[in-house]
Amino acid sequence: MIPVNTPEITESDIASVIQCLKDGWISGEGPVIASFEAAVAASVHRQYAVAVSNGSDALDLAFMVLDLKPGDEVILPSFAIISCLAPLLRMGLVPVFVDVDRQTWNLDPGQLVDAISPKTKALLVVHTYGLAADMSQILAFAEEHGLWVIEDAAEAHGLYFEGKPCGSMGHISTFSFYANKNVTTGEGGMVLMNDPQLHEKAVYFRNLAFLPNRRFVHEDLGWNMRLSSVQAALGLSQIKRVEQTVAKRRAIAAIYKEALQPLSPNLTWQAESFAGNDNGYWVVGMVLGQESGFQDAQQVMAELTKAGVGTRPFFFPLHNQPLLAKFGPSRKVGSLQNSEWLGEQGFYLPNGLGMPLDKVHEAASITKKVLSEGMGL
Ligand SMILES: *Cc1c(COP(=O)(O)O)cnc(C)c1O
């Protein structure tokens, strides 16, 4: 079985972790955490970075430090991971789901006018699968309406929108360092900002909300979201090669695209670029065309599993998540048909950074064979 993700751990990565263990700084405090925060902040041109235990915590923490009250509305794309919705549900915020664009799979700014209400206070944007979202439209809209912008850049580390790093543009931005991300610490995340007050609050809530002048006294309920120094040591080594990582992702995607080109239009891909910003192909994702001969992505994935190629389905649209029934109100804007289409017909193929390129060729040719047969070609 060719696994959907194979991380790349180099000798330098291993040396960095061993050095950390030898030095004895292993908790969520100390110089290794500070260095990793500084390295991530520098990589995305931010003043402040706060390391946390994963990308989902990063989103929770990002929402926690903003001045939001239960009942406030937050606009977000329906085509996203549950981690984008979870903070809203935990805090009693009202999700307002908007659709994504059919070509970019990113939040469609054309939907925003119908999403806004006097209660809207924030907007969450995701750079889906490594393609930068339309930040110029989104930021202009947010500014016009006085909204906070939370930028989830977990899939776009090392990528840019019009020369600005993804993760540098929202009031607050988040990253994940999960095993399949461009920079990994196994599990890990980061919250970044330029505002010193937001930074202070994030540091406070990450560490159980200890009062700065009297530890073990609490005026607020915080969390333990600390990242360990051992994980940060891995990240410090990984982040040095983020540019090569992006180049490798693109090279892997190019191999699949070339092999599967003859199957279009039964297979569609995310846009190659948006507004001059090239896709970073965090995953090699594709969507079945209407006449593909397959019922849905689940069917293709079952066939590919049998043939030895690992796959993952796309996100399930957030507006259709069963758990919403257990929470307060939410709003939907328009038909959300593109999010539903992607959720039903989309899947992605193995593209781990630790995968040798001949394995990529092998996975691509097996995929081509399985798909061509199913498509009757
Ligand atoms: C991976 C990811 C997350 C969640 O990160 P974890 O570290 O797995 O909690 C959140 N948002 C996006 C866009 C992601 O890709």
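Residues numbered from 1 in each chain as written. Predicted model: local features only at pLDDT ≥ 70, side-chain atom pairs only at ≥ 80, totals over all residues. Heavy atoms only, no water.

## Describing the overall build of the protein
The helix and strand inventory of the protein stands at 11 helices and 16 strands. Computed over the C-alpha atoms, the radius of gyration of the protein is 21 Å, within 12% of the 21 Å expected from 2.2 N^0.38 for a compact globule of 377 residues. Oriented by its inertia axes, the alpha-carbon framework of the protein measures out at about 70 × 55 × 40 Å. Out of the 377 residues in the protein, the part that is buried amounts to 55%. Of note, the protein has its 28 positive side-chain charges centred 5 Å away from the centre of its 39 negative side-chain charges. (Helix = DSSP H or I, 4+ residues; strand = E, 2+ residues; numbered from the N terminus. Rg over C-alpha atoms; globule rule 2.2 N^0.38 Å. Buried < 20%, exposed > 50% of the residue type's maximum accessible area, 1.4 Å probe, protein only. Lys, Arg positive; Asp, Glu negative; His and termini not counted. Charge placed at Lys NZ, Arg CZ, Asp CG, Glu CD.)

## Quick notes on the site of the ligand
Around the ligand lies a shell of 14 residues, among which Gly 55, Ser 56, Asp 152, Glu 155 and Lys 181 are the nearest. Between Gly 55 and the ligand, the recorded distance is 2.7 Å, taken from a backbone N or O atom to an oxygen atom. Within the side chain of Asp 152, one N or O atom sits 2.7 Å away from a nitrogen atom of the ligand. Taking 380 Å² as the accessible area of the ligand by itself, protein coverage stands at 90%. With three residues, the single largest contributor to the shell around the ligand is helix H3 (residues 55–65). (Near = heavy atom within 4 Å. Polar contact = N/O pair within 3.5 Å; in protein donor to acceptor, adjacent residues only side chain to side chain. Areas by Shrake-Rupley, 256 points an atom, 1.4 Å probe, with all protein chains shown as cover.)

## Side note on the sheet that holds strand S10 (residues 267–269)
What holds strands together in a sheet is hydrogen bonding between their backbones, with the strands either parallel or antiparallel. Strand order in the open sheet formed by four strands is S10-S13-S16-S14, with antiparallel pairing between adjacent strands. Since the sheet does not close on itself, it has two edges, and those belong to S10 and strand S14 (312–313), each with one partner. Where strand S13 (residues 284–288) lies against strand S16 (residues 346–349), four bridges are found, and the strand directions are antiparallel. Across the sheet, residue Gly 285 finds its bridge partner in S16, namely Tyr 348. Where helix H10 (residues 337–345) meets the sheet, its contacts fall on S10, S13 and S16, and the angle it forms with S13 comes to roughly 105°. (Pairing = 2+ DSSP bridges. Contact = heavy atoms within 4.5 Å. Axes fitted to C-alpha atoms, helices over the stretch in contact; angles between N-to-C directions.)

## Here we look at the packing of H3 against helix H6 (residues 196–206)
Contact geometry for H3 and H6: axes closest at 9 Å, N-to-C directions at 125°. Considering the angle they form, H3 stands oblique to H6. You can see that H3 and H6 cross each other, and the crossing is right-handed. Residues Leu 61, Met 64 and Val 65 of H3 form the contact with H6, whose own contacting residues are Leu 198, Lys 201, Ala 202, Phe 205 and Arg 206. Each residue belonging to the contact of H3 with H6 can be placed in one class, and the counts come to six nonpolar, no polar and two charged. (Parallel < 35°, antiparallel > 145°, perpendicular 65-115°, else oblique. Left-handed = near helix turned anticlockwise from the far one by under 90°. Nonpolar A, V, L, I, M, F, W, Y, C, P; charged D, E, K, R; others polar.)

## Observations concerning unusual backbone geometry
Note the cis peptide between Ser 264 and Pro 265, where omega equals 5°. Structurally, Pro 265 is set in the loop between helix H8 (242–260) and S10. Of note in this structure, His 45 is not a glycine but carries a positive phi near 55°. Note on placement: His 45 falls in the loop between helix H2 (31–43) and strand S1 (48–52). Of note, the phi angle at Ala 275 is positive, near 50°, even though the residue is not glycine. As for its placement among the helices and strands, Ala 275 is situated in the loop between strand S11 (273–274) and strand S12 (277–278).

## Details of the packing of aromatic side chains
Scanning the entire structure with this criterion turns up 13 aromatic pairs. Seen from their ring centres, Trp 105 and Tyr 129 are 6.1 Å apart, and the 85° between their planes marks the pair as edge-to-face. Taken together, the residues Trp 105 in the loop between strand S3 (94–98) and strand S4 (120–126) and Tyr 129 in the loop between S4 and helix H5 (135–145) connect sequence positions 24 residues apart. We note Arg 215 situated over the ring of Phe 216; from NZ or CZ to the ring centre the distance is 5.6 Å. (Phe/Tyr/Trp six-rings, centres within 6.5 Å; stacked < 30°, edge-to-face > 60°. Lys NZ or Arg CZ within 6 Å of the ring centre and 35° of its normal.)

## Side note on the pairing of S4
Where burial is concerned, most of S4 is hidden: six out of the seven residues are buried. With three bridges joining them, strand S2 (residues 73–77) and S4 adopt parallel strand pairing. Residue pairing for S4: Ile 75 is matched across the bridge by Leu 123. Bridging between S4 and strand S5 (residues 148–152) involves five bridges; their strand directions are parallel. Bridge pairing in S5 places Val 125 opposite Glu 151. Considered for its hand, the β-α-β crossover made up of S4, H5 and S5 is right-handed. (Right-handed = clockwise from strand over helix to strand, strands pointing away.)

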